[in-house]
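Spelled out from the first residue to the last, the chains are:
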Amino acid sequence: MPHTPGSGRVGENTRALSLPEAPAPAERPLRMPVHRATTYAFDTSQDFADVLSGAQGGYSYARIDSPTVDAFAEAVAALEGAGLDTQVRGQSFSSGMGALSTVFMALTEAGAHVVASRSIYGNTYSLLDGLLRRFGVSTDFVDITDLDAVRAAVRPETRVVFTETLSNPTMTVSDLPALAGIAQGAGASLVVDSTFASPAICRPLEFGADVVVHSATKYIGGHSDTTGGVAVAAPALIDRVRAARVDLGPCLAPDEAYMLHRGLETLPLRVARQSESAAAFAAALEGHPAVERVDHPSLASHPQHDLAGKLFDHGRCGGVVTIHPEGGWDAGMAFADRLRVSTIAASLGGTHTLAGHVATTTHRTMNQEELDAAGISSGAVRFSIGLEDPEDLVEDALQALDNG
């Protein structure tokens, strides 16, 4: 005869599934709890229905929302909106491209138009020029530093003006207040990928941006061990992004959210050190006879050096330096191969200094004409400066150049 719960005599499997709940401590835990549950229980069917419909707050299913994931998104929103009087909120994603793709899907439709910087991350370029174009969203790529060109590219159907705070890999600095004015005048949204800056350098929402996006894998996580993305905007706009995220499904896992949240605690310390080391690295390599150009806004030779001083905190200009060696493609590949302290690897923003030949890695989807238009030489090598002693990084790069 079967036993029913509450009768005092239930079967062993029912007992195994009806264990006492973990105690809820009265004390505040120093570390953020991790909620790994994918599913949440309700006392009544109406409660379940009300949470799913949005009539009341709560959690039902982790693809839709998760307490740990929400905590990370709101933490980034607090940093990005620190200088604002208005409320901003965040949404988390499984990767930076997941965040960016979802934002574009939320803000555009068939027939919509995007004005985008010509010098952007290669996968973002292919997203706009390939995938979204297939679904009827067209993009004009322009020199984002030429504000007249940006204005000329805007159409009645323009829905998004897109740029990067610091471009990948030329470290071009966007004039965020001016671009915000152009977007606002066109009835479009200014979307800014601020991965290379992080809130420890610049907060685009303070300069009029509508949405700021990060690959949290980079500086926010900071240790090359976690993948994630995040978008921050005003509540009405982020609700549109959330709705698209729920349908598309690029949800962030709770354990990843915990790791990324932890990374925020040391973000200012790491970025300050990386920016300082990057400036020293750039200065030491600029002018070397085997170097055609060095990209870093700390250099007086950088076209947006003065603009960086107006937009960025504490003189920080980011931890990425791009070296354009003389000799083109082969010279760049050989230069990277001779490095001994810097490591040839993907990604950026971690504790180790990473280097990569741009044309065959981050921008491999762009042809030579597109690279030239973006100001990227065929031999360019991008360095993500880590936490090593800058003198060792400089010495290593100099020997790699001198032994060419």
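A. Representation of the pattern of salt bridges. Summed over the entire model, instances satisfying the criterion amount to 14 salt bridges. Residue Arg 159 is joined to Glu 109 by a salt bridge in which the shortest nitrogen-to-oxygen separation is 3.4 Å. Here Arg 159, found in strand 4 (residues 158–164), pairs with Glu 109, found in the loop between helix 4 (96–107) and strand 2 (113–117); they are 50 residues apart in sequence, far enough to count as distant. Judged by its relative accessible area of 31%, Arg 159 falls in the partly exposed class. For Glu 109, a relative accessible area of 39% translates into the label partly exposed. Bridged by salt links that share partners, the residues Asp 65, Arg 242 and Arg 245 form one connected network.

B. Examining the state of the cysteines more closely. As enumerated under the stated definition, the model contains zero disulfides in all. Unpaired in this structure, Cys 202 has its nearest cysteine sulfur neighbour in Cys 317, at a distance of 11 Å.

C. Spotlight on the sheet that holds strand 11 (residues 354–357). Pairing within the open sheet is mixed, and its five strands lie in the order 8-9-12-11-10. Edge strands, defined here as strands with exactly one partner in the open sheet, are strand 8 (291–295) and strand 10 (343–344). Across four bridges, the pairing between strand 8 and strand 9 (residues 320–325) is antiparallel. Considered in strand 9, the bridge of Val 294 is made with Ile 323. Together, strand 9, strand 10, strand 11 and strand 12 (381–384) form the strand contacts of helix 12 (residues 328–337), whose direction differs from that of strand 9 by roughly 130 degrees.

Cut-off values and rules
Residues numbered from 1 in each chain as written. Predicted model: local features only at pLDDT ≥ 70, side-chain atom pairs only at ≥ 80, totals over all residues. Heavy atoms only, no water. Salt bridge = Lys/Arg side-chain N within 4 Å of Asp/Glu carboxyl O. Helix = DSSP H or I, 4+ residues; strand = E, 2+ residues; numbered from the N terminus. Buried < 20%, exposed > 50% of the residue type's maximum accessible area, 1.4 Å probe, protein only. Disulfide = S-S within 2.5 Å. Pairing = 2+ DSSP bridges. Contact = heavy atoms within 4.5 Å. Axes fitted to C-alpha atoms, helices over the stretch in contact; angles between N-to-C directions.

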